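Now for the letters of each chain:
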Amino acid sequence: REFQLRVADVTGDDKVDFFLNGRITDFNATLTNTVIRKLGAGTVQMGGEARHHGPVRIEAGAWKLGKSGVTCADPAIPTVISLCGGKLVAAAGTSNTIGRLCAEGADGRVEIEDGATLTLSSLALSQATAPVVVVGDLTKHTLRIGDGSTPVSRTELDRIRWLKDGELKRIKLDSEGWAGIGGLVIIFR
C-alpha cells in the first residue's frame, strides 16, 4: 500500500507549497508499512509527528522537517526516509532524528538550514548511483550519523559528500558521530 502526496511547485521557488501539520499514523495494526510517496516539484513541510511504520520516499521536490520532533522518537517505529530524486530539508533551528536514511538513484540531497541539527541513526546508501549531497554548515555539529558507538561503514560514509564552496568534499565523523570535513589522515605504526 502507498499514499501518494503530489505537490506542485506553486510558489516557483524553494518556499513551502503545502503544510502538513497533522500527525501521520497507521490506521490499525493490520495496515502498517504504508509507503508515503512524495511526488511533484513542490515542497511539503511536516509540522506533525510521523508515527507510521512505512518509509517516506522523496521522489521529487522536497520533504521539509518544519519543527523539532516531527520524526518519530520511538525506536520501535523509526522514521525511514528514502531519497529517490528529491531532497530532505531540516528547517532552521530544528532538531530531528531519522531512523534510517536510504538512497536510490543519483539525486539524493540533504539540506540543513542554519541552526538545525539532524541525526541519521543508520544509513542504507548501497542503491545510490551517486553520492548523497549534504548542503549546510557542518562545522557546527549540525549532522550526526549514528552516535559514535556503532560504527558506520567506510563504504556508506563514502557515499555522502558535503557541498562547500561549489566543491563536493568527503566528510569524516568524530568520536560521537558528528560530521565534519574529511582531511589528511596520518597513521603511525
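The following refers to the structure shown.

Reading guide: rules and limits
- Residues numbered from 1 in each chain as written.
- Predicted model: local features only at pLDDT ≥ 70, side-chain atom pairs only at ≥ 80, totals over all residues.
- Heavy atoms only, no water.
- Helix = DSSP H or I, 4+ residues; strand = E, 2+ residues; numbered from the N terminus.
- Rg over C-alpha atoms; globule rule 2.2 N^0.38 Å.
- Buried < 20%, exposed > 50% of the residue type's maximum accessible area, 1.4 Å probe, protein only.
- Areas by Shrake-Rupley, 256 points an atom, 1.4 Å probe, with all protein chains shown as cover.
- Lys, Arg positive; Asp, Glu negative; His and termini not counted.
- Charge placed at Lys NZ, Arg CZ, Asp CG, Glu CD.
- Core = buried A, V, L, I, M, F, W, Y, C linked by side-chain atoms within 4.5 Å.
- Contact = heavy atoms within 4.5 Å.
- Pairing = 2+ DSSP bridges.
- Disulfide = S-S within 2.5 Å.
- Axes fitted to C-alpha atoms, helices over the stretch in contact; angles between N-to-C directions.

Quick look at the overall build of the chain
Each helix and strand counted, the chain has one helix and 20 strands in total. In summary, the chain has a C-alpha radius of gyration of 16 Å against a globular reference of 16 Å for 189 residues, a match within 12%. Across its three principal directions, the C-alpha atoms of the chain cover 55 × 40 × 30 Å. Per-residue burial over the chain gives 43% buried out of 189 residues. Summed over its atoms, the accessible surface of the chain is roughly 9800 Å², and 51% of this surface lies on carbon and sulfur atoms. Distance from the positive charge centre (23 side chains) to the negative charge centre (22 side chains) of the chain: 2 Å.

Details of the nonpolar core
One finds W63, I81, L83, L88, L118 and L143 to be the most contacted residues of the largest nonpolar core, which totals 38 residues. Tallying contributions element by element places strand β15 (residues 123–128) first for this core, with three residues. Dropping the residues within four chain positions of it, W63 is found in contact with L5, L20, I36, K38, V44, M46, V56, I58, I81, K87, L88 and V89.

Quick word on the side chain of T43
Here T43 shows up in strand β5 (residues 43–46). Judged by relative accessible area, which is 5%, T43 ranks as buried. Sequence-distant contacts of T43, defined by excluding residues within four places in its chain, comprise V7, D14, K15, V16, D17, F18, A62 and K64.

Re the environment of V16
If you trace the backbone, V16 turns up in the loop between β1 (2–6) and β2 (18–20). When the C-alpha atoms of V16 and G180 are compared, they prove to be 29 Å apart, with 164 residues separating the residues in sequence.

Observations concerning the pairing of strand β13 (residues 109–112)
As judged from the four bridges shared by strand β10 (residues 87–90) and β13, these two strands associate in the parallel manner. Note on β13: the bridge partner recorded for A90 is I112. Both β13 and strand β16 (residues 132–135) contribute to a ladder of three bridges, which runs parallel. Each residue of the ladder has a partner; that of R109, found in β16, is V133.

As for the state of the cysteines
As enumerated under the stated definition, the model contains zero disulfides in all. Distance from the sulfur of C84, which forms no disulfide, to the nearest cysteine sulfur (C102) is 8.3 Å.

What to know about the sheet that holds strand β12 (residues 100–105)
If you trace the six strands from one edge of the open sheet to the other, you get β1-β4-β7-β9-β12-β15, paired in parallel fashion. The sheet terminates laterally at β1 and β15, the two strands that pair on one side only. Ignoring strand direction, the axes of neighbouring strands in this sheet form an average angle of 15°. Where strand β7 (residues 56–58) lies against strand β9 (residues 80–83), three bridges are found, and the strand directions are parallel. In the strand pairing of β9, I58 is matched with L83.

Observations regarding unusual backbone geometry
The phi dihedral of H141 falls on the positive side, at around 50°, and the residue is not glycine. For H141, the position within the fold is in the loop between β16 and β17 (143–145). A relative accessible area of 39% places H141 in the partly exposed class. For D165, which is not glycine, the phi torsion reads 50° and is therefore positive.

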